[in-house]
Amino acid sequence: RGLAAGPEMHFGFQTVTEAERREKIYQVFESVAKKYDVMNDSMTLGIHRVWKDILVHKMNPSPGTLLLDVAGGTGDIAFRFINYVRSVRERQLQRKLRHHQNLSWQEIAESYQEDKSKSLGGSQVVVCDINKEMLKVGKEKAQNLGYTEGLSWVLGNAEELPFDDDKFDVYTIAFGIRNVTRIDLALQEAYRVLKPGGRFLCLEFSHVSNPLLSSLYDLYSFQVIPVLGEVIAGDWKSYQYLVESIRRFPPQEELKAMIEDAGFLKVDYQNLNLGIVAIHSGFKL
Amino acid sequence: KMAAAAAGSLRRAGWRLHLTLLASLSVLRCQLSVPQRALQASAVLRRVSDEQHKEPLASSSQQHFDSHPTDQQPEQEPQGPRPSSTGQGGQESEDYESEEQLQHRILTAALEFVPEHGWTAEAIAEGAKTLGLSAASAGMFRNDGSELILHFVSQCNTKLTELLEQEQKQVQLGEAEKKPLDQFLRDAVEARLRMLIPYIEKWPQALSVLLLPHNIPASLSLLTSMIDDIWHYAGDQSTDFNWYTRRAVLTGVYNTTELVMMQDSSPDFEDTWRFLENRVTDAMNMGNTANKVQSTGEALVQGLMGAAVTVSNAETRR
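Residues numbered from 1 in each chain as written. Chains lettered and ligands numbered in written order. Predicted model: local features only at pLDDT ≥ 70, side-chain atom pairs only at ≥ 80, totals over all residues. Heavy atoms only, no water.

A.B. asks: For this particular structure, what's the right way to read the side chain of His280 of chain A?
C.D. replies: All names here are of chain A. Considering the arrangement of structural elements, one finds His280 in strand 9 (residues 277-283). A polar contact is formed between the side chain of His280 and the backbone oxygen of Gln252, at a distance of 2.9 Å. The residues contacting His280, other than those within four sequence positions of it, are Phe200, Leu201, Cys202, Gln252, Leu255, Lys256, Ile259, Asp268 and Tyr269. (Helix = DSSP H or I, 4+ residues; strand = E, 2+ residues; numbered from the N terminus. Polar contact = N/O pair within 3.5 Å; in protein donor to acceptor, adjacent residues only side chain to side chain. Contact = heavy atoms within 4.5 Å.)

Okay, structure coming up:
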């Protein structure tokens, strides 16, 4: 909320105008896009994969779910969603087959045909990102990994989504909301595009209250990460921004209040790794 | 920003907390200026509710709501909270009804899907869909279906209580005979167990979920209150038993009969009802035995006391 108070905003620990901030953030992600995944692995020692797995498990999507993954860039959440739905769908079909023991050959042949067209059970994920470079990397990854169906890539701004109202079952934003300039607008847009009963999930770096862990975390963040950034991605400044933006982001309770202000109900959060990361969840009821 | 905070806090509090809202209104009054955020949010909600308008004003929580917005009217533009009070129906009536009430509605709708999907999040998702909500709202509940089962048990208990209440009224009005205790207990337990019949295939799964540590407090309390209810309606006849043994005995009868019912394949569960009849008869006899044991015990004690007095007298006389 405090961000929109005036023309002055924060970009990491600097103070800039709203327009400047958007521009700078765009440039950050433009430059890190190609090395985004590699950097994630090295900074978090691979733990970010676990965080994203936990997010999708918490979502527990059923086949037929429509997911909007905002700031989804390189597609990590989207791919996990597809894998999850595929395995749930397989289990469902197996259960159905078990109940239908006395099928004729005709019926069995039909059921196999059905399977081919509905391996995802109608689930779809739309990956939306404001940054063209990130989307490009994501599309390439999808091709390399063999994800062909149920996936679409849209260029869009979280503060002004190019979608109709009441469209999606689940809205996720993983490690993206920190970079949104007007968080309140993004939350309102999330509320708008979700169906009634839809779920908002936000995975983001948050505040560590444990003092010991907090000092270790600070040490690691400010001393190690920018160095890794320089060595691996050739970009010290972007990773300095990353670390600073984490410190400037509202803590768990404040973000929870902001989500409630956008109209979500049953808002709750779950700390991962003692608060290094938190998953916030809310429902449009 | 204060207005936004106010609107947000109103929604957060839920209409259950109307009393605290009344108290805090005096503080909120000064802080309410032009509630642009409130306008925007309730405009969205109103739009959705226009499409699906069910029974918005019938719910009891409407009263709660009316008690305070009248205070707020002078401060806010008429469009302020008014839309959220009158313009919302259907599933947006959670702003009238509390989130809990919506959850109950979803769980009730989900029961229809239990025979097919079991007591699972899938059944809850299907239930939510019939109410026009996204399947994602099943995320409000645990994945193991605990809330669904507890909701069902609580519903059955309520139905049983209503049934017993009706029967009692009939007896009071002289329309029916007062049943002897064993008949009463048998009928009550049978009526309660019959409610499981539509879900009998998936009930063993439900029983195992109810035994999970995090569910035991709730399931135990539901069980004991049901048993207490039956004893309450059993009336004066129940003074044959001691209060503690009453609960234990009937709980034992109920639980064992329930387990037998899981395995019963006889037509209309007649084996189960015969088992029940035998257990209730045992329970009645046990009561007599207990009394006998007690009086025998008393007699014994008196005899011993007498013997002790005799001996001590003999001693002193010596």
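A.B. asks: How should the nonpolar core be read in this particular structure?
C.D. replies: The tendency in soluble globular proteins is for nonpolar side chains to be buried as a group. Counting residues in each nonpolar core, the largest one holds 62 residues, and the members touching the most others are Ile106, Trp119, Leu148, Leu185, Trp203 and Ile230 of chain B. Of all the secondary structure elements, the ones that give two or more residues to this core are helix 7 (99-111), helix 9 (121-130), helix 10 (146-172), helix 11 (181-194), helix 12 (203-210), helix 13 (216-234), helix 14 (243-263) and helix 15 (270-317) of chain B. A domain-level breakdown of this core finds at least three residues from each of domain 1 (98-143) and domain 2 (145-301) of chain B. Not counting the four nearest positions on each side in its chain, Trp203 of chain B is found in contact with Trp119, Ile149, Phe152, Val153, Leu196, Glu258 and Met262 of chain B. In terms of nonpolar packing, the next biggest core, distinct from the first, is built from 52 residues, Ile77, Phe79 and Tyr239 of chain A together with Ala136 of chain B among them. (Core = buried A, V, L, I, M, F, W, Y, C linked by side-chain atoms within 4.5 Å. Buried < 20%, exposed > 50% of the residue type's maximum accessible area, 1.4 Å probe, protein only. Domains from an automatic or database assignment.)

A.B. asks: When you look at the sheet that holds strand 4 (residues 124-129) of chain A in this model, what are you seeing that I'm missing?
C.D. replies: Paired through backbone hydrogen bonds, the strands of a sheet run either parallel or antiparallel to each other. All names here are of chain A. What the 7 strands build is an open sheet, ordered 5-4-3-6-7-9-8; its pairing is mixed. One side of each edge strand has no neighbouring strand; the edge strands of this open sheet are strand 5 (151-155) and strand 8 (265-272). The sheet shows a mean angle of 15° between the axes of neighbouring strands, taken without regard to direction. By the bridge criterion, 6 bridges tie strand 8 to strand 9 in an arrangement that is antiparallel. Residue Gln270 lies in a different strand from strand 9, and its bridge partner there is Ile279. Strands strand 4 and strand 5 of the sheet are contacted by helix 6 (residues 132-145), whose axis makes an angle of about 165° with strand 5. (Pairing = 2+ DSSP bridges. Axes fitted to C-alpha atoms, helices over the stretch in contact; angles between N-to-C directions.)

Shape descriptors only; they carry no functional weight alone.
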